[in-house]
Amino acid sequence: MTQHIPVVENILNANDRLAQANRARIEAAGVFSINILASPGAGKTSLIEKTLPLLKGKLRVAAIDGDIATSIDSDRAAAAGAGAAVQINTGGTCHLDAVMLNGALEQLDLTQFDLLIVENVGNLICPANFKLGTHKTVLVASIPEGDDKPYKYPGTYRGVDVLIINKIDLLPYVDFRMDYFTQGVQALNPGIVTFPMSCRTGEGVDAWVDWLVGNVHR
Ligand code: MG
Ligand code: ZN
């Protein structure tokens, strides 16, 4: 008798098993880890750049940056003060998966760090489907993207642990209905931890940094 298992399901199961192995490895080193998702240009790297100087002397941070082709993001993370920055070039793939993270972890001595920041490829669709093994998934939304994103990408908004609403300094210049956006978010992910901020002005960044420090020292 032939058993038919959908290929996609198989791939995701294999991914999840390796994600568990990644988690075990991260936890064995006593590290707290986050996976940052966003559409291109929402401010993932800017968030890391703004965050790292505020963690100086408090947490030792390693950054892993996923990108389709360049090492611009890991260069920026290193320049901002990451103790180690590893670039994953996905070779065109539009998301990170547990295999890629596993390879990047091989290049780090995790015991030297308190916090691991993984910057996923900019894409609101498939990164949410591939667990990496990190503790928390952080979604960066931004005002210029528009207030309809929770409605258009429910899978991503539903599956994340933390929501950052970036570029709030642009609210006076953009037709962004915060109540409409928030309604969509709450329908999918009630009570989600949310940090409105501007990585440009620095407004709201402190609360986020406190959240990170609190999670590391839990
Ligand atoms: Mg980036
Ligand atoms: Zn993808």
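Heads up: these notes are all about the structure in this document. (Residues numbered from 1 in each chain as written. Chains lettered and ligands numbered in written order. Predicted model: local features only at pLDDT ≥ 70, side-chain atom pairs only at ≥ 80, totals over all residues. Heavy atoms only, no water.)

**Regarding the overall build of the protein**
Counting its regular elements, the protein contains eight helices and seven strands. Taking 218 residues into account, the globule formula puts the C-alpha radius of gyration at 17 Å, and the protein, at 17 Å, falls close to it. With the C-alpha coordinates aligned to their principal axes, the bounding extent of the protein is approximately 60 × 50 × 35 Å. Split into buried and exposed, the 218 residues of the protein put 51% on the buried side. (Helix = DSSP H or I, 4+ residues; strand = E, 2+ residues; numbered from the N terminus. Rg over C-alpha atoms; globule rule 2.2 N^0.38 Å. Buried < 20%, exposed > 50% of the residue type's maximum accessible area, 1.4 Å probe, protein only.)

**Looking at the pattern of salt bridges**
Applying the stated criterion across every chain, the model contains eight salt bridges. Ionic pairing is found between R25 and E106, a salt bridge with its closest N-O pair at 3.4 Å. Of this pair, R25 sits in helix α1 (residues 7–28) while E106 sits in the loop between α4 (98–105) and β4 (115–119), and the two are 81 residues apart along the sequence. Under the relative-accessibility criterion, R25 is labelled partly exposed at 31%. Here D148 ties to K149 by a salt bridge, and the two come within 2.9 Å at their closest N and O atoms. (Salt bridge = Lys/Arg side-chain N within 4 Å of Asp/Glu carboxyl O.)

**A closer look at the coordination of the magnesium ion (ligand 1)**
Only T45 (OG1), D73 (OD) and E119 (OE) from the protein reach the magnesium ion (ligand 1) as donors, at distances of 2.0 to 2.3 Å. We note that the donor set of the magnesium ion (ligand 1) lies within a single chain, spaced as T-x27-D-x45-E. With T45 in helix α2 (residues 44–55) and E119 in strand β4, this residue pair connects regions lying 74 residues apart in the sequence. On the accessibility criterion, T45 (8% relative accessible area) is buried. (Donors = N, O, S within 2.8 Å, 3.2 Å for Na, K, Ca; no water.)

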